[in-house]
Amino acid sequence: MIKKITLTLTLLFTFVLTAQSLKSPAEFLGYEIGTQFSRHADVVRYFEYVAQNSDWVTYQEYGKTNERRPLTYAVVTTPENLANLETIRTNQLKNVGIVSGDSTPDKAIVWLSYNVHGNEASSTEASMATLYELITTKKDWLKNTVVIIDPCVNPDGRDRYANWYNQVKATPHDKSQDAAEHHEPWPGGRPNHYLFDLNRDWAWATQIETQQRLKVYNKWMPHVHVDFHEQGINEPYYFAPAAEPFHEIITDWQSEFQNAIGKNNAKYFDEKGWLFFTKERFDLLYPSYGDTYPMYMGAIGMTFEQAGHGRAGLGINTDEGFELTLVDRVAHHKTTGLSTVEVASKNIDRLNTEYKKYFQNSDLKYKSYVLKGNPDKLAALAELLDKHEIKYGYADNGKASGFSYAKNDSGSMEYEHAMVVSTDQPKGKMVKVLFEPNAKLNTPITYDITAWSLPEAYGLETVATTSLVTANATNQTPVYNNVADSNSAGYITKWDSMKDAEFLADLLNNDIKVRFTEKPFKNAGVDYGRGSLIITKSDNRKLEGFDNTVIQIANKHNRKLATAASSFATSGPDFGSPDIKLINKQRVALLKGDQVSSLSYGATWFFFEQQLKYPVTSINTDYFDRINLDDYDVIIMPSGYYNGYLNNKLSDKIKSWVQSGGKLIAIGNAVSAFAGKDGFGLSKNEDASAKKDKDSTNVEEKLIPYASREEESVKDFITGSIFKTKVDSTNPMAFGYEDTYYSLKLGDDSFSLIDNGYNVAYIGETPENVSGFAGADAKAGLKNSLVFGEARLGSGSIIYMVDDPLFRSFWQNGKLFVVNSVFFVNNNKFRL
Ligand SMILES: [Zn+2]
């Protein structure tokens, strides 16, 4: 009975709704948009309500965040178009050759992405207002336009901000800049759960938000993509056209259309008397943004930036003396979103013809990138290309000639088996952007890193060819089905990739004892390099079902195990030798908190938890000085600002823990906190500081015209540039590497080589950057500087990683240095 009444009521309710008008966000939520911060669940409820009650909107979930919030998108267009949606979608893909068949598309597809940065919180509010406006007053535009709205790209970050703000805000809100509601606590709402900046993750797709969104993006391949952001409270509004540098792949048409949209936005802003700026600050180079990524996929990609950000709350007094309100911020974002849809709907023909042209890639200089090397690394690269639905193939037995990455010049490479990624495919321009040896840069003044070349990031030997390489071989990634042999002395496996590291972590998590060799050896005639893992029966004799467990874990990770009949080596050490060392199940602590870069902490946390799958204990800096350090074998200090934090008492405590056998790993800017500090074995490079002193006495330096100050300062810049480093591959920190490593250098800090310890990767007499921008002075300052090294202190070690190999989690080839540092370096104490 109750059920029946509910059903009748529901039917009645639906009828009333359709008969009357659709509720606005204010009517649905009970407050005017902009007078409160809406929780993500409420935003989802409004979109659901609209989709249920309007035949102009469909709404669906495309995934879940780490904290289990739904990721969603709405498709907004006429009921006729919605009925025909699959044809519209496939026509879009046929037009550019991603799906075979002919089509003459006559629709525009505009994708609006809101709130990728969680604390730039006006944009999700604007998404609701924009949705309502489109299906009430702007219906005409939808006849030929499909609008896709993602109301919140980063729900975990946005709720972190909105919930915090709702907790601390005054009633009524406090406009004073000093008020607590304008000072977000660490880490702030900008990043996602693992504290990744999702607006740096499009190309690397390391985060589940990105991975799931790309699947939908690839299904649609929109003509236009807008990424809504917020900037400082005193900068009014930024919209396209973008600033220099532009990547050379961007076409005149794309710039022209950015201009058209910018002018239309300007018309509305001028009418209302709202200030804005264009062509400054936000450039189009680094491929992992919400504007560049769509650009390189043929769309008109744009960033729109409203004043506000995590500081602004519901209202704040700006430096210019007026109140910036959330109501205004929403109105501005709504205006630019609608203006963009309008321009698209008025330019259907050109949008489609020019879009098609973008995907014709016959004129690119390099036709194929031929890559060979470690099968695990090739597989990791294949996994990345799959996320972007970029095609690749394999070739057997050949020689590729062209640009050799190893020589940084023309050269050739012979191969028995290689991966081939060609630009002769619809997404060929994106292939060029991701693989090219060096992105052309017309000004080094950019917002981000200037190098990201995948061959170096994945550590693969590569040649770029000017003629197409046929790829008709099959993938040779083997599948291993190891079989247990309880009569064997143990099992041996190689060590040279993150897949091996994940295998080791899984073994340790299962309480299996594992050894590694510090010297190469031969067993039953087979060679094993340094770092090879040895799992002996002897070490694990108390473990029931030992053989089966090892085999099961090896098969799960697809590792090839060799069965050793005897531990007797044909040459080199036997299993019982002191050179074949037991690996301790390290207890790892990881610092977080105010002094720590949230991005670096997040990347390290993510690395251990999601990639290596090995436990770390996160410890906040505000009570770190009170914990018992002896409960940990390894302490990791992510990049950060520890100078004021490491007082004498705390650094003495750390020092004595290291001296008694502890291992401290300092990453990125954490390294500088120890430089010059007594007893930590590290100093800043004399050369670099001497050079700067000299510069300051240089008269020319003092007479730089004001207008040239920016150009002049770039001499000291390194804006994410790839440097060739020398590696001591006999050091446990470098096991699995060869004698050259390409490092992504994020800044110009230069540290001298370590006296009491080991220099594992370093830059020699002649610094060589193979890709990206490095100012002349900064580059010279890197002469004989440390990249990765170990200082010995008593029986423990401090490991310095000047370049952060976990930066944004995309530099795949650097990650094994971290694992080696945790498990292999200074393996002096095994705890039972
Ligand atoms: Zn932003």
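Details of the structure are given in the entry above.
Owing to the predicted nature of the structure, the values given are computational and were not obtained by experimental measurement. (Residues numbered from 1 in each chain as written. Predicted model: local features only at pLDDT ≥ 70, side-chain atom pairs only at ≥ 80, totals over all residues. Heavy atoms only, no water.)

A.B. asks: So what exactly am I meant to see when it comes to the sheet that holds strand 16 (residues 490–493) here?
C.D. replies: Strands pair in a sheet through their backbones, by hydrogen bonds, and they do so in one of two ways: parallel or antiparallel. If you trace the 5 strands from one edge of the open sheet to the other, you get 21-16-20-17-22, paired in antiparallel fashion. Each having just a single partner strand, strand 21 (562–564) and strand 22 (580–582) make up the two edges of the open sheet. Direction aside, neighbouring strands of the sheet carry axes that sit 30 degrees apart on average. In terms of strand pairing, strand 16 meets strand 20 (residues 533–536) through 4 bridges, oriented antiparallel. Counted as the bridge partner of Y491 is I535 from strand 20. Here helix 16 (residues 498–509) sits on the sheet and contacts strand 16 and strand 20; the angle it forms with strand 20, its principal contact strand, is near 25 degrees. Sheet strands in contact with helix 17 (residues 546–556) are strand 16 and strand 20, and its direction is about 15 degrees off that of strand 16. (Pairing = 2+ DSSP bridges. Helix = DSSP H or I, 4+ residues; strand = E, 2+ residues; numbered from the N terminus. Axes fitted to C-alpha atoms, helices over the stretch in contact; angles between N-to-C directions. Contact = heavy atoms within 4.5 Å.)

A.B. asks: What am I meant to see in the environment of G772 here?
C.D. replies: One can find G772 in the loop between strand 30 (769–771) and helix 23 (776–780). Since its relative accessible area comes to 18%, G772 is described here as buried. Residues G772 and L744, spaced 28 residues apart in sequence, show a C-alpha to C-alpha distance of 9.4 Å. Residues within four places of G772 in sequence aside, it is in contact with N438, T450, A451, G720 and S721. (Buried < 20%, exposed > 50% of the residue type's maximum accessible area, 1.4 Å probe, protein only.)

A.B. asks: Quick question: what am I supposed to make of the sheet that holds strand 12 (residues 368–372) here?
C.D. replies: Pairing in this closed barrel of 4 strands is antiparallel, and the strands run 12-14-13-15 around the ring. The mean inter-strand angle of the sheet, taken between neighbouring strand axes irrespective of direction, is 45 degrees. The pairing of strand 12 with strand 15 (residues 461–465) spans 5 bridges and is classified as antiparallel. When the sheet's bridge partners are listed, S368 is paired in strand 15 with T465. Its contacts with the sheet put helix 14 (residues 428–435) on strand 12 and strand 14 (409–422), and the angle it makes with strand 12 is roughly 50 degrees.

A.B. asks: Hey, could you run me through the packing of helix 16 against helix 24 (residues 815–823) in this one?
C.D. replies: Helices that pack against each other are described as a pair by the angle of their axes relative to one another and the distance between those axes. Put simply, helix 16 and helix 24 touch, their axes get as near as 10 Å, and they point 35 degrees apart. In this structure, helix 16 crosses over helix 24, and the sense of that crossing is left-handed. On helix 24, the residues touching M498, A501, L504 and L508 of helix 16 are K815, L816, V819 and F823. Its residues placed into classes, the contact of helix 16 with helix 24 shows 7 nonpolar, no polar and 1 charged. (Left-handed = near helix turned anticlockwise from the far one by under 90°. Nonpolar A, V, L, I, M, F, W, Y, C, P; charged D, E, K, R; others polar.)

A.B. asks: What should I look at first to understand the nonpolar core in this one?
C.D. replies: Side chains of a nonpolar character, in soluble globular proteins, are inclined to be buried together. Counting residues in each nonpolar core, the largest one holds 178 residues, and the members touching the most others are F435, L612, F624, Y800 and F823. For F435, the contacting residues outside a window of four places in its chain are Y369, L371, L381, L385, Y405, V421, S453, L454 and P455. (Core = buried A, V, L, I, M, F, W, Y, C linked by side-chain atoms within 4.5 Å.)

A.B. asks: How do you make sense of the pairing of strand 24 (residues 616–620) when you look at a structure like this?
C.D. replies: When a strand is regular, its side chains alternate between the sheet's two faces. As paired strands, strand 23 (residues 588–592) and strand 24 are joined by 5 bridges and run parallel to one another. The residue bridging L590 from the neighbouring strand is S618, located in strand 24.

A.B. asks: Would you mind showing me how to read the pairing of strand 27 (residues 721–727) here?
C.D. replies: Where burial is concerned, most of strand 27 is hidden: 5 out of the 7 residues are buried. As paired strands, strand 27 and strand 28 (residues 740–745) are joined by 6 bridges and run antiparallel to one another. Its bridge partner being in strand 28, S721 is matched across the sheet by K745. Two elements, strand 27 and strand 30, share 2 bridges in a ladder whose sense is antiparallel. Paired with F723 across the bridge in strand 30 is N769. Note: strand 27 against strand 29 (residues 757–763), 2 bridges, orientation antiparallel. Within strand 29, the position partnered with K726 by the bridge is Y762.

A.B. asks: Would you mind showing me how to read the side chain of S651 here?
C.D. replies: Structurally, S651 is set in helix 19 (residues 648–659). In this view, S651 contacts L646, K677 and F680; residues no more than four positions away in its chain are not counted.

A.B. asks: When you look at the packing of helix 9 (residues 252–272) against helix 11 (residues 326–345) in this model, what are you seeing that I'm missing?
C.D. replies: Between helix 9 and helix 11, the shortest axis-to-axis distance is 9 Å and the interhelical angle comes to 130 degrees. For the element pair helix 9 / helix 11, the angle class is oblique. Handedness of the helix 9/helix 11 crossing: right-handed. For the pair helix 9 and helix 11, contact is made by F257, A260, I261, N264, N265, Y268 and F269 and by H332, T335, T336, S339, T340, E342, V343 and A344, respectively. Residue composition of the contact of helix 9 with helix 11, by class: 7 nonpolar, 7 polar and 1 charged. (Parallel < 35°, antiparallel > 145°, perpendicular 65-115°, else oblique.)

A.B. asks: Explain the pattern of salt bridges to me, please; I cannot follow it from the model alone.
C.D. replies: Opposite charge on two side chains permits pairing when their charged atoms draw close. Scanning the entire structure with this criterion turns up 41 salt bridges. For D42, the salt bridge identified is with R39, shortest N-O distance 3.6 Å. The class of R39 is partly exposed, set by a relative accessible area of 45%. Between R69 and D156 there is a salt bridge whose closest N-O contact spans 2.8 Å. Here the residue R69 occupies a position in the loop between strand 1 (57–64) and strand 2 (70–76), and D156 occupies one in helix 7 (residues 155–168), the gap between them amounting to 87 residues. On the accessibility criterion, D156 (1% relative accessible area) is buried. The network of salt bridges with shared partners includes E120, R190, D197, R200, D448 and R808. (Salt bridge = Lys/Arg side-chain N within 4 Å of Asp/Glu carboxyl O.)

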